[in-house]
Amino acid sequence: MSDQRASEPAIRAPDDIVEDAPDHRKRTSRQVRHTARTRLHLMTGDDEMLEDADLLCPRSPHDLGRKTSPPPRKQPKPGRRSGFKVWKTPFWKRRRTLWAEQNAAARRIVEAD
(Lines give C-alpha, C1' and ligand atoms only; values in the text may rest on other atoms or scores of the structure.)
Protein backbone atom coordinates (compact mmCIF):
# COMPACT_ATOMS: atom_id res chain seq x y z
CA MET A 1 0.00 0.00 0.00
CA SER A 2 1.33 3.46 -0.79
CA ASP A 3 2.13 6.03 1.89
CA GLN A 4 -0.56 8.35 0.58
CA ARG A 5 -3.31 5.77 1.14
CA ALA A 6 -2.00 4.87 4.58
CA SER A 7 -2.21 8.49 5.71
CA GLU A 8 -5.87 8.87 4.67
CA PRO A 9 -8.50 8.11 7.30
CA ALA A 10 -10.02 4.65 6.96
CA ILE A 11 -13.58 5.80 7.67
CA ARG A 12 -15.38 8.50 5.74
CA ALA A 13 -17.19 11.32 7.43
CA PRO A 14 -20.97 10.75 7.59
CA ASP A 15 -21.53 13.80 5.38
CA ASP A 16 -19.58 12.23 2.51
CA ILE A 17 -21.89 9.22 2.17
CA VAL A 18 -24.48 9.57 -0.56
CA GLU A 19 -27.46 7.27 -0.25
CA ASP A 20 -30.86 7.18 -1.77
CA ALA A 21 -34.04 7.82 0.19
CA PRO A 22 -35.22 4.20 0.67
CA ASP A 23 -31.83 3.14 2.07
CA HIS A 24 -31.77 6.16 4.35
CA ARG A 25 -35.30 5.43 5.57
CA LYS A 26 -34.46 1.79 6.17
CA ARG A 27 -31.24 2.59 8.04
CA THR A 28 -32.70 5.33 10.25
CA SER A 29 -35.84 3.36 11.12
CA ARG A 30 -33.62 0.43 12.09
CA GLN A 31 -31.59 2.74 14.35
CA VAL A 32 -34.74 4.12 15.98
CA ARG A 33 -36.07 0.59 16.58
CA HIS A 34 -32.76 -0.47 18.08
CA THR A 35 -32.53 2.47 20.49
CA ALA A 36 -36.18 2.04 21.53
CA ARG A 37 -35.67 -1.67 22.18
CA THR A 38 -32.50 -0.98 24.18
CA ARG A 39 -34.23 1.65 26.32
CA LEU A 40 -37.20 -0.65 26.96
CA HIS A 41 -34.83 -3.43 27.95
CA LEU A 42 -33.13 -1.14 30.47
CA MET A 43 -36.50 0.03 31.84
CA THR A 44 -37.93 -3.44 32.49
CA GLY A 45 -36.92 -3.45 36.16
CA ASP A 46 -38.34 -0.02 36.99
CA ASP A 47 -42.16 0.27 36.97
CA GLU A 48 -42.14 4.07 37.16
CA MET A 49 -39.95 4.37 34.10
CA LEU A 50 -42.16 1.92 32.19
CA GLU A 51 -45.11 4.28 32.68
CA ASP A 52 -43.16 6.98 30.83
CA ALA A 53 -41.81 4.62 28.16
CA ASP A 54 -43.80 6.23 25.36
CA LEU A 55 -42.11 9.56 26.16
CA LEU A 56 -38.61 8.14 26.52
CA CYS A 57 -38.53 5.93 23.44
CA PRO A 58 -37.78 7.76 20.20
CA ARG A 59 -40.51 8.15 17.65
CA SER A 60 -39.79 9.95 14.44
CA PRO A 61 -41.46 9.82 11.04
CA HIS A 62 -39.37 8.33 8.27
CA ASP A 63 -40.99 9.91 5.27
CA LEU A 64 -37.93 11.10 3.40
CA GLY A 65 -38.39 10.15 -0.23
CA ARG A 66 -41.88 8.73 0.08
CA LYS A 67 -44.06 9.35 -2.91
CA THR A 68 -47.32 11.04 -1.95
CA SER A 69 -48.96 10.94 -5.35
CA PRO A 70 -48.89 8.56 -8.28
CA PRO A 71 -46.52 9.39 -11.13
CA PRO A 72 -47.99 11.33 -14.04
CA ARG A 73 -49.49 9.29 -16.87
CA LYS A 74 -47.10 8.53 -19.68
CA GLN A 75 -47.99 9.70 -23.16
CA PRO A 76 -48.91 6.79 -25.47
CA LYS A 77 -46.71 6.03 -28.42
CA PRO A 78 -47.70 7.77 -31.64
CA GLY A 79 -50.42 5.97 -33.56
CA ARG A 80 -51.83 4.20 -30.49
CA ARG A 81 -55.48 4.40 -29.53
CA SER A 82 -56.32 5.70 -26.08
CA GLY A 83 -57.97 3.59 -23.42
CA PHE A 84 -58.08 -0.06 -22.48
CA LYS A 85 -57.86 -2.66 -25.21
CA VAL A 86 -61.44 -3.88 -24.91
CA TRP A 87 -61.22 -6.16 -27.91
CA LYS A 88 -59.01 -8.49 -25.89
CA THR A 89 -61.63 -9.08 -23.19
CA PRO A 90 -63.81 -12.22 -23.34
CA PHE A 91 -66.96 -10.12 -23.82
CA TRP A 92 -65.70 -8.55 -27.02
CA LYS A 93 -64.27 -11.85 -28.26
CA ARG A 94 -67.76 -13.36 -27.98
CA ARG A 95 -69.27 -10.33 -29.71
CA ARG A 96 -66.81 -10.55 -32.59
CA THR A 97 -67.65 -14.21 -33.20
CA LEU A 98 -71.38 -13.40 -33.13
CA TRP A 99 -70.87 -10.56 -35.61
CA ALA A 100 -68.77 -12.81 -37.83
CA GLU A 101 -71.53 -15.46 -37.83
CA GLN A 102 -74.21 -12.84 -38.59
CA ASN A 103 -72.16 -11.39 -41.44
CA ALA A 104 -71.55 -14.86 -42.88
CA ALA A 105 -75.28 -15.65 -42.71
CA ALA A 106 -76.11 -12.35 -44.43
CA ARG A 107 -73.59 -13.14 -47.21
CA ARG A 108 -75.12 -16.59 -47.73
CA ILE A 109 -78.61 -15.06 -48.04
CA VAL A 110 -77.36 -12.50 -50.58
CA GLU A 111 -75.50 -15.19 -52.56
CA ALA A 112 -78.53 -17.49 -52.51
CA ASP A 113 -80.72 -14.79 -54.11
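Above this text sits the structure in question.
Some points on the overall build of the chain
Part 1 of the argument: From N to C terminus, the chain includes five helices and zero strands.
Part 2 of the argument: Long-range pairs, those at least 24 residues apart, make up 38% of the contacts in the chain with a sequence separation of at least 6.
Part 3 of the argument: Here the chain displays about 11,300 Å² of accessible surface, and carbon together with sulfur accounts for 54% of that area.

Side note on a positive patch on the surface
Part 1 of the argument: A cluster of basic residues, K26, R30, R33 and R37, forms a positive patch at the surface.
Part 2 of the argument: Mapped onto the secondary structure, R37 falls in helix α2 (residues 21-43).
Part 3 of the argument: We classify R37 as exposed; its relative accessible area is 64%.

Points about α2
Part 1 of the argument: Relative to the 33 Å expected for 23 residues at 1.5 Å per residue, α2 spans 33 Å between its end C-alpha atoms, a close match to the ideal helical length.
Part 2 of the argument: Within the span of α2, buried status applies to R25, T28, S29, V32, A36 and M43.
Part 3 of the argument: Turning to α2, the residues buried within the fold contact α3 (47-51) and α4 (53-56).

Quick word on the packing of aromatic side chains
Part 1 of the argument: Under the criterion given, the structure shown has two aromatic pairs.
Part 2 of the argument: Taking the centre distance of 5.0 Å and the plane angle of 85° together, the rings of F91 and W92 count as edge-to-face.
Part 3 of the argument: With a relative accessible area of 35%, F91 lands in the partly exposed category.
Part 4 of the argument: Between W92 and W99, the aromatic rings sit 6.1 Å apart at their centres with planes inclined by 50°, giving tilted as the arrangement.
Part 5 of the argument: Residue W99 is classed as partly exposed on the basis of its relative accessible area, which comes to 39%.
Part 6 of the argument: An aromatic cluster of at least three residues, connected via ring pairs, comprises F91, W92 and W99.

Description of a negative patch on the surface
Part 1 of the argument: Negative charge collects at one region of the surface, where D46, D47, E48, E51, D52 and D54 lie side by side.
Part 2 of the argument: Considering every element that reaches the negative patch, the biggest residue donor is α3, with three residues.
Part 3 of the argument: Residue placement: E48 occurs in helix α3.
Part 4 of the argument: Residue E48 is classed as exposed on the basis of its relative accessible area of 61%.

Details of a nonpolar patch on the surface
Part 1 of the argument: Taken together, the side chains of V86, F91, W92, L98 and W99 define a hydrophobic patch exposed on the protein surface, amounting to about 420 Å² of accessible area.
Part 2 of the argument: Structurally, L98 can be placed in helix α5 (residues 90-112).
Part 3 of the argument: The class of L98 is partly exposed, set by a relative accessible area of 38%.

The rules behind each value
- Within each chain, residues carry numbers counting from 1 in the order of the written sequence.
- Totals for whole chains, interfaces and linings use every residue, but because this is a predicted model, local features are given only for residues with pLDDT of at least 70 and side-chain atom pairs only at 80 or more, for both listing and counting.
- Each side-chain value is derived from all of the structure's non-hydrogen atoms; neither hydrogens nor water enter the calculation.
- A run of H or I in DSSP becomes a helix once it reaches four residues, and a run of E becomes a strand once it reaches two; helices and strands are each numbered from the N terminus.
- Here a residue-residue contact requires only that any non-hydrogen atoms of the pair lie within 4.5 Å.
- To be clear on the numbers: accessible area is Shrake-Rupley with a 1.4 Å probe, and residue cover counts the displayed protein chains and nothing else.
- The patch calculation keeps residues exceeding 30% relative accessible area without a salt bridge and links them within 9 Å when they carry like charges or within 5 Å when they are nonpolar (Val, Leu, Ile, Met, Phe, Trp, Tyr).
- Whenever Lys or Arg places a side-chain nitrogen within 4 Å of a carboxyl oxygen from Asp or Glu, that contact is recorded as a salt bridge.
- In this charge count, Lys and Arg are treated as positive and Asp and Glu as negative; neither His nor the chain ends contribute.
- The atoms used to mark charge sites are NZ of Lys, CZ of Arg, CG of Asp and CD of Glu.
- Using a 1.4 Å probe on the protein chains alone, a residue whose accessible area is under 20% of its type maximum counts as buried, one over 50% counts as exposed, and one in between counts as partly exposed.
- An expected span of 1.5 Å times one less than the residue number is assigned to each helix.
- Note on aromatic pairs: the rings of Phe, Tyr and Trp (six-membered ring only in Trp) are paired at centre separations within 6.5 Å, and the planes decide the class, stacked below 30 degrees, edge-to-face beyond 60, tilted for the rest.

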